[in-house]
Amino acid sequence: LQLLDAEAVLGKAMKRLEQGGKQQATAAEDLRRSPVYQEVLRYSQLFDSARATLQPTRFKRVWSRDDAEFFVRSAPGATWFEYKIV
């Protein structure tokens with residue numbers, strides 16, 4: 001939650017600075033180069049990249065038991081398939 005708060009604060013600050021004049025544009029560029037901004041950006045990109053793993057997939061469960069499941073995904077007409085065992 002703190003990361004999202006930091007991202008929101010930095011986003012609002014950047015928007016205000018970018019809408020200003022030359023002095024504000026310089027301040028925005030300085031902010032982009034700051035260690036805090038870079039760290040928030042790095043974590044935001046990390047979480048954004050992980051988001052795809054939480055999205056629904058087209059994998060179909062083809063087998064399961066109490067302690068395991070087997071999923072397969074393949075596009076229609078494809079000569080390949082992907083699988084995962086959970």
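Note: the structure precedes this text.
Notes on the structure follow. Small disclaimer: the values here were computed from a predicted structure and weren't measured. (Residues numbered from 1 in each chain as written. Predicted model: local features only at pLDDT ≥ 70, side-chain atom pairs only at ≥ 80, totals over all residues. Heavy atoms only, no water.)

Each helix and strand counted, the protein has three helices and three strands in total. When its helices and strands are written in sequence order, the protein yields α-α-α-β-β-β. A globule of 86 residues ought to have a C-alpha radius of gyration of about 12 Å, yet the protein, at 22 Å, is considerably larger. In terms of principal-axis extent, the alpha carbons of the protein reach across some 60 × 30 × 15 Å. Evaluated residue by residue, the protein yields a buried proportion of 13% over its 86 residues. Long-range contacts, defined as pairs at least 24 residues apart, comprise 19% of the intrachain contacts of the protein with a sequence gap of at least 6. Placing the 14 positive and 11 negative side-chain charges of the protein at their respective mean positions leaves the two points 6 Å apart. (Helix = DSSP H or I, 4+ residues; strand = E, 2+ residues; numbered from the N terminus. Rg over C-alpha atoms; globule rule 2.2 N^0.38 Å. Buried < 20%, exposed > 50% of the residue type's maximum accessible area, 1.4 Å probe, protein only. Contact = heavy atoms within 4.5 Å. Lys, Arg positive; Asp, Glu negative; His and termini not counted. Charge placed at Lys NZ, Arg CZ, Asp CG, Glu CD.)

Core analysis: the biggest nonpolar cluster contains five residues, these being Leu-10, Met-14, Ala-28, Tyr-37 and Val-40. Counting only elements with at least two residues in this core, the list comes to helix H1 (2–18) and helix H3 (35–51). Residues within four places of Tyr-37 in sequence aside, it is in contact with Leu-10, Met-14, Leu-31 and Arg-32. (Core = buried A, V, L, I, M, F, W, Y, C linked by side-chain atoms within 4.5 Å.)

For Ala-28, the location among the structural elements is in helix H2 (residues 22–33). Ignoring any residue separated from it by four or fewer positions in sequence, one finds Ala-28 in contact with Met-14, Leu-17 and Glu-18.

This part takes up a nonpolar patch on the surface. Residues Trp-80, Phe-81, Tyr-83 and Ile-85 make up a contiguous nonpolar surface patch of about 500 Å² in total accessible area. The exposure class assigned to Phe-81 is exposed, which follows from its relative accessible area of 54%. (Patch = residues over 30% accessible without salt bridge, like charges linked within 9 Å, V, L, I, M, F, W, Y side chains within 5 Å. Areas by Shrake-Rupley, 256 points an atom, 1.4 Å probe, with all protein chains shown as cover. Salt bridge = Lys/Arg side-chain N within 4 Å of Asp/Glu carboxyl O.)

Each regular strand displays side chains that alternate between the two surfaces of the sheet. Direction of pairing for strand S1 (residues 60–65) relative to strand S2 (residues 68–73): antiparallel, over a ladder of five bridges. In the sheet register, Ser-64 faces S2, and the bridge partner there is Glu-69. Counted between consecutive antiparallel strands, the loop separating S1 from S2 contains two residues. In this sheet, strand S3 (residues 82–85) lies alongside S2 in antiparallel orientation, the contact comprising four bridges. If you follow Arg-73 over to S3, its bridge partner there is Glu-82. (Pairing = 2+ DSSP bridges.)

This part takes up the packing of H1 against H2. The packing of two helices is summarised by the inter-axis angle and the distance between the axes. For the pair H1 and H2, the least separation of the axes is 8 Å and the interaxial angle reads 150 degrees. Of the possible angle classes, the one that applies to H1 and H2 is roughly antiparallel. Packed against H1, whose contacting residues are Leu-10, Ala-13, Met-14, Leu-17 and Glu-18, the element H2 presents Gln-24, Ala-25, Ala-27, Ala-28, Leu-31 and Arg-32 at the interface. Tallied by class, the residues present in the contact of H1 with H2 amount to eight nonpolar, one polar and two charged. (Axes fitted to C-alpha atoms, helices over the stretch in contact; angles between N-to-C directions. Parallel < 35°, antiparallel > 145°, perpendicular 65-115°, else oblique. Nonpolar A, V, L, I, M, F, W, Y, C, P; charged D, E, K, R; others polar.)

Scope: geometric values only; no functional claims are made or implied.
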